[in-house]
Structure formats: structure tokens, C-alpha cells
Amino acid sequence: YCTRGEKPISRSVVYTGTIPRIDFYGSMEGISKSNRVTLNIDFTSPTDVFSCYSYTTWQGHNTLNLPKKNFTIRLYNDEEITTKHRLVFNGWQLEHKYILKANYRDFSQARNLAAAEIWADMAARRPNLFETLRHTSNYGAVDGFPVIVYLNGEVIGLYTMNLHIDDDLYGMRGNRDAVMIANESIPDETR
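Source: prediction; values computed, not measured. (Residues numbered from 1 in each chain as written. Predicted model: local features only at pLDDT ≥ 70, side-chain atom pairs only at ≥ 80, totals over all residues. Heavy atoms only, no water.)

## Focus: the overall build of the protein chain
Right, so step 1: Per the secondary structure count, the protein chain includes two helices and 11 strands.
Right, so step 2: In the protein chain, the order of α-helices and β-strands from amino to carboxyl end is β-β-β-β-β-β-β-β-β-α-α-β-β.
Right, so step 3: Counting only contacts in the protein chain whose residues sit at least 6 apart along the sequence, the fraction spanning at least 24 positions is 53%. (Helix = DSSP H or I, 4+ residues; strand = E, 2+ residues; numbered from the N terminus. Contact = heavy atoms within 4.5 Å.)

## Some details on the confidence of the model for the protein chain
Right, so step 1: When pLDDT is averaged along the protein chain, the result is 78; 74% of the residues meet or exceed 70.
Right, so step 2: Across residues 1-11, where pLDDT falls below 50, the model places 19 contacts with residues more than four positions away in sequence or in other chains. (pLDDT = per-residue confidence, 0-100.)

## Quick notes on unusual backbone geometry
Right, so step 1: Positive phi outside glycine occurs at asparagine 103, with the angle close to 50°.
Right, so step 2: Mapped onto the secondary structure, asparagine 103 falls in the loop between strand 9 (97-101) and helix 1 (111-124).
Right, so step 3: Look at asparagine 152: it is not a glycine, yet its phi comes out positive at around 50°.
Right, so step 4: Topologically, asparagine 152 is positioned in the loop between strand 10 (144-151) and strand 11 (154-163).

## Topic: the sheet that holds strand 6 (residues 49-59)
What links the strands of a sheet is backbone hydrogen bonding, and the strands pair in either a parallel or an antiparallel sense.
Right, so step 1: Overall, mixed pairing links the seven strands, which are arranged 4-5-6-7-9-11-10 in a closed barrel. On average, each strand axis in the sheet is inclined to that of its neighbour by 40°, with strand direction left out of account.
Right, so step 2: In this structure, strand 9 lies alongside strand 11, joined through four bridges in antiparallel fashion. Each bridged residue has a counterpart across the sheet, and for tyrosine 98 the counterpart in strand 11 is leucine 163. (Pairing = 2+ DSSP bridges. Axes fitted to C-alpha atoms, helices over the stretch in contact; angles between N-to-C directions.)

So this is what it looks like as C-alpha cells:
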């Protein structure tokens, strides 16, 4: 972890095709969508290794009743959860909040990410795309990569580590006038 004076410097992590590993250490007792637990995290990939703390909750609505849960993780440098551990993964925006998607109903582990890549390819080709959206990490679509997740040394499964869907994802942070609208004209004869 590097700093410049008191200001943290972000670190860039590039996905190389080798599946990174996330190790959680601690207890998930009492975790829910609204109840957070603090865990130690070790992240290991071919290009980077770091340790930090995570404020972790379950993520999702319809998936909460499935046996393999999605997680929202917020990374911090300290156990008191006061200093955000911000990273730049894969050229994404500087962030400390991520989603670990279980993809329980998607055995390929690829549908969300493949659909997001198709959207990004389509958006990149639009000549009149909103300029702010053009400068987001993936043209306003989620982005992610596969990870193997462990809890206290035991595998809990293959997940995808995704950007969290928020104003930054759509290039809308700080822009109260930003609205995302898609209007495609459909001729009457095709309705």
C-alpha cells in the first residue's frame, strides 16, 4: 500500500486470464443484506497481492434465498473501517466497493459479463453517445472478472468480481442533470 504524504495512491490490477483468489478470514455469523460483518481479505492474482479489511453484506433481492450468496464488499485499510482501500481494477474507475456475484443460476459464470461486453461494444459504436458515458469504465455496463473465493481456507465457490452499480458506473456522479435514456425509433410496421 503506497501513500503520497497522507493521500493514498491507487494501485492498478490487470486481469491476465489466470483466476485471481480472494481469501476472507473471520466469521460470517449474523451476516445479512442489512447486517455487515468485518472480515480480513487477502487478494492474490498474477499481477498483484494485497491485504485489507472488508465491510461485507449479502447482495441481491431474488437471490437471497439461494444457497450460494452474492456479496457486497467495501474495502478498507483499517479494522476500524475508517480509511477506504481504493483500487483501479482492469482500467475501471477508482473504487472501494465491489460485488462478488455467485451466478448461482448461471453455470457458465459468463452471462452477466458477456451481456455487458455486448452492450459496451454496441455503445462504443454509437456516434451520438453521451460523452460522459463514453468515458466510464465499460460504457455504463457492469464489468468484472472471475475469482475463486475462500472463507477461512475453505473454497466457497467461483464468483465474478464486478463493479458496483452506482452513479459512477454511469458517469453521473456530481451531475444532477444527468439522465440515461435510450430511445430507439421503431417503425410502425415492425410493432
